[in-house]
Amino acid sequence: MSAEIPLRTFTGTERAAVLMMLVGEDEAASILQKLEPDEVRELGRAMFTVADVSEADVEGVLDDFVGRARERTGITFDPRPKIEAVMHRALGQEKAESVLARITPPEAACEIDLLDWLDATDIAAMIEKEHPQIAAVLIANLDPAVGAQVLELLPDAAQPEILHRIAKLGPITPEAVDTLKTMIANRSSAGGQGAQVKLGGTREAAKILQGARKATEQRVMPKLFKLDKETAKQIEEAMFVFDNLLDMDDKNLGTLIRNVDSDILTRALKGVDEIARNRFLGCMSARAADGIRDEMEARGPMKLSEVLEAQKVIIQIARTLAKDGTIMMGGGEDDYV
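Residues numbered from 1 in each chain as written. Predicted model: local features only at pLDDT ≥ 70, side-chain atom pairs only at ≥ 80, totals over all residues. Heavy atoms only, no water.

K.L.:
Sorry, what's going on with the overall build of the chain here?
P.N.:
On a plain count of helices and strands, the chain comes out with 20 helices and two strands. The proportion of buried residues among the 337 residues of the chain is 42%. When contacts within the chain are restricted to residue pairs at least 6 apart in sequence, those whose partners lie at least 24 apart make up 75%. For the chain, the accessible surface area stands at approximately 18,800 Å², while carbon and sulfur atoms represent 50% of it. (Helix = DSSP H or I, 4+ residues; strand = E, 2+ residues; numbered from the N terminus. Buried < 20%, exposed > 50% of the residue type's maximum accessible area, 1.4 Å probe, protein only. Contact = heavy atoms within 4.5 Å. Areas by Shrake-Rupley, 256 points an atom, 1.4 Å probe, with all protein chains shown as cover.)

K.L.:
Looking at this model, I keep getting lost on the side chain of R277. Mind explaining?
P.N.:
Relative to the helices and strands, R277 resides in helix α18 (residues 274-281). Polar contacts involving the side chain of R277 include one to the main-chain carbonyl oxygen of V272, which spans 3.0 Å. (Polar contact = N/O pair within 3.5 Å; in protein donor to acceptor, adjacent residues only side chain to side chain.)

K.L.:
Sorry, what's going on with the pattern of salt bridges here?
P.N.:
Think of it this way: side chains of opposite charge can pair up when their charged atoms draw near. The full count for this structure, using the stated rule, is eleven salt bridges. R165 is paired through a salt bridge with E161; the nearest N and O atoms lie 3.1 Å apart. Remark: E161 and R165 occur in helix α11 (residues 159-168); sequence separation between them is four residues, near one turn of the helix. Accessibility expressed as a relative area gives 23% for R165, which makes it partly exposed. (Salt bridge = Lys/Arg side-chain N within 4 Å of Asp/Glu carboxyl O.)

K.L.:
What should I look at first to understand the confidence of the model for the chain in this one?
P.N.:
Mean pLDDT over the chain stands at 75; residues scoring 70 or higher make up 74%. The secondary structure element of the chain with the lowest average pLDDT is strand β2 (residues 197-198), at 43, and the one with the highest is helix α16 (residues 250-258), at 91. In the model, residues 187-199 has pLDDT below 50 throughout and makes 35 contacts with residues more than four positions away in sequence or in other chains. (pLDDT = per-residue confidence, 0-100.)

K.L.:
What's the story with the environment of K323 in this structure? I'm lost.
P.N.:
Here K323 is to be found in helix α20 (residues 304-323). Taking C-alpha positions, K323 is 9.6 Å from Q218, a pair spaced 105 residues apart along the chain.

K.L.:
So what exactly am I meant to see when it comes to helix α6 (residues 80-91) here?
P.N.:
The α-helix advances 3.6 residues per turn, and as a result positions three or four apart in sequence lie on the same side. The end-to-end C-alpha separation of α6 is 16 Å, in line with the 16 Å expected for twelve residues at 1.5 Å each. Within α6, burial applies to R80, K82, I83, V86, M87 and A90. Down the axis, α6 shows its buried residues gathered within 165° of arc, on one side only. Once α6 finishes, G92 follows within two positions and takes phi at roughly 90°, a positive value. (Expected span 1.5 Å × (residues − 1). Arc of directions from axis to C-beta.)

K.L.:
Please explain the side chain of T266 as it appears in this structure.
P.N.:
Tracing the backbone shows T266 in helix α17 (residues 262-269). For T266, a relative accessible area of 1% translates into the label buried. Once residues lying within four places of it in the same chain are set aside, the contact partners of T266 are I292, E295, M296 and R299.

K.L.:
Teacher, can you tell me more about the packing of aromatic side chains here?
P.N.:
The description of an aromatic ring pair rests on the distance of the ring centres and on the angle between the ring planes. Considering all chains together, one arrives at one aromatic pair under this definition. Residues F242 and F280 carry aromatic rings whose centres are separated by 5.3 Å and whose planes lie at 5° to one another, so their mutual orientation is stacked. Placement of F242 in the loop between α15 (229-239) and α16 and of F280 in helix α18 is noted, with a sequence separation of 38 residues between them. (Phe/Tyr/Trp six-rings, centres within 6.5 Å; stacked < 30°, edge-to-face > 60°.)

K.L.:
Got a minute to help me understand the packing of helix α3 (residues 37-49) against α6 in this structure?
P.N.:
The relative placement of two packed helices comes down to the angle between their axes together with the axis-to-axis distance. The interhelical angle for the contact between α3 and α6, taken along N-to-C directions, is 165°, at an axis separation of 10 Å. Accordingly, the angle class assigned to the pair α3 and α6 is roughly antiparallel. Judged by the twist between their axes, the crossing of α3 over α6 is right-handed. Every residue of α6 that contacts α3 at V40, G44, M47 and F48 is listed here: R80, I83, M87 and L91. Its residues assigned to classes, the contact of α3 with α6 shows six nonpolar, one polar and one charged. (Axes fitted to C-alpha atoms, helices over the stretch in contact; angles between N-to-C directions. Parallel < 35°, antiparallel > 145°, perpendicular 65-115°, else oblique. Left-handed = near helix turned anticlockwise from the far one by under 90°. Nonpolar A, V, L, I, M, F, W, Y, C, P; charged D, E, K, R; others polar.)

K.L.:
I would appreciate a short explanation of the nonpolar core in the present structure.
P.N.:
A general tendency of soluble globular proteins is for nonpolar side chains to be buried together. Counting residues in hydrophobic clusters, the biggest one holds 31 residues, and the most contacted among them are I139, V150, I162, L163, I166 and I235. Of all the secondary-structure elements, those providing two or more residues to this core are α8 (120-127), α9 (132-140), α10 (144-153), α11, α13 (202-210), α14 (214-227) and α15. In terms of residue count, α9 provides more of this core than any other element does, six residues in total. Residues in contact with I162, not counting those within four places in the same chain, are P132, A135, A136, I139, L151 and L154. (Core = buried A, V, L, I, M, F, W, Y, C linked by side-chain atoms within 4.5 Å.)

K.L.:
Which parts of the structure should I look at to understand a negative patch on the surface?
P.N.:
There is a patch of like negative charges on the surface, built from E36, D38, E39 and E42. The residue E39 is located in helix α3 in this model. The exposure class assigned to E39 is partly exposed, which follows from its relative accessible area of 36%. (Patch = residues over 30% accessible without salt bridge, like charges linked within 9 Å, V, L, I, M, F, W, Y side chains within 5 Å. Lys, Arg positive; Asp, Glu negative; His and termini not counted. Charge placed at Lys NZ, Arg CZ, Asp CG, Glu CD.)

K.L.:
Would you take a moment to explain α3 for this structure?
P.N.:
Between its terminal C-alpha atoms α3 stretches 19 Å, which fits the 18 Å expected from 13 residues at 1.5 Å a residue. Listed as buried for α3 are V40, L43, G44, A46, M47 and F48.

K.L.:
In this structure, what is going on with the packing of helix α1 (residues 12-22) against α3? I would like to understand it.
P.N.:
In the contact formed by α1 and α3, the axes pass within 8 Å of each other and the chain directions differ by 75°. In this view, α1 runs roughly perpendicular relative to α3, as classed from their interaxial angle. Residues T13, E14, A16, A17, M20 and M21 of α1 lie in contact with α3, whose contacting residues are E42, L43, A46, M47 and T49. When the residues that make up the contact of α1 with α3 are grouped by side-chain class, the tally is seven nonpolar, two polar and two charged.

In structure tokens:
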């Protein structure tokens, strides 16, 4: 007589996750709506970990649900469609996507392992004659620093379109991922059903361009503005945020401050912490700094939208001054301007 296989040990959250995977989407969504955000994330992670639970384990955890569990030998298949459907129904699309982005296991990403063994030159040569969409998907799958190198090695004329496609990428099908794997590994990839993979976006495009040389940015961005002004603007905004101004030395930061209206500076500094605020004020005369402090205190609470708008104005002034050569932003030639 063969020895019995010991039942799996579950945590309390995993037991709840088993139940969530067994009940219908409406019931599961109803439960999620009553939980706090951190509880939703914890339970969502657990739902992925119990995806391979055996029938015996289900019976051990939920004896009163044995009949239903047998009908649903169902948690052994890909759990993503159900988890995503439940999250979307409970939280709405925007909140659900935010939660899923944090809890989905790495295995759900588009992983092309062979890329780790290729250098940027090999990858660029491989995709140089491919359709820009293929190049975009592949570069989006790379580490941003490597992606920047690959982008720079591709023909100048192709770079703006590829970056634009990276910024506009959305879910891609498993078949598209398999096509990439086939192209790279020169072998057939296993087919089958699977969840779409989210790649790219303006932030990813911005990271890639940040890793490139200044000359690449200066060449690509004007062409991208002609191709798609709105997307180019979003990439530009993602590449540089207000906190990046703190990377400048005192001389350059002081020059920037002298070119900013005191009213704009007052509103912008209302939205930063004390350390960042002192960094700005430390590059001013004591009299001017005291004036800004007095004005901030006199104004009292301020709308976040006003603060962010003022910060955007300062960022734009900084970019203009940098392009004119009046100030330098960053510490080296390869830094973003």
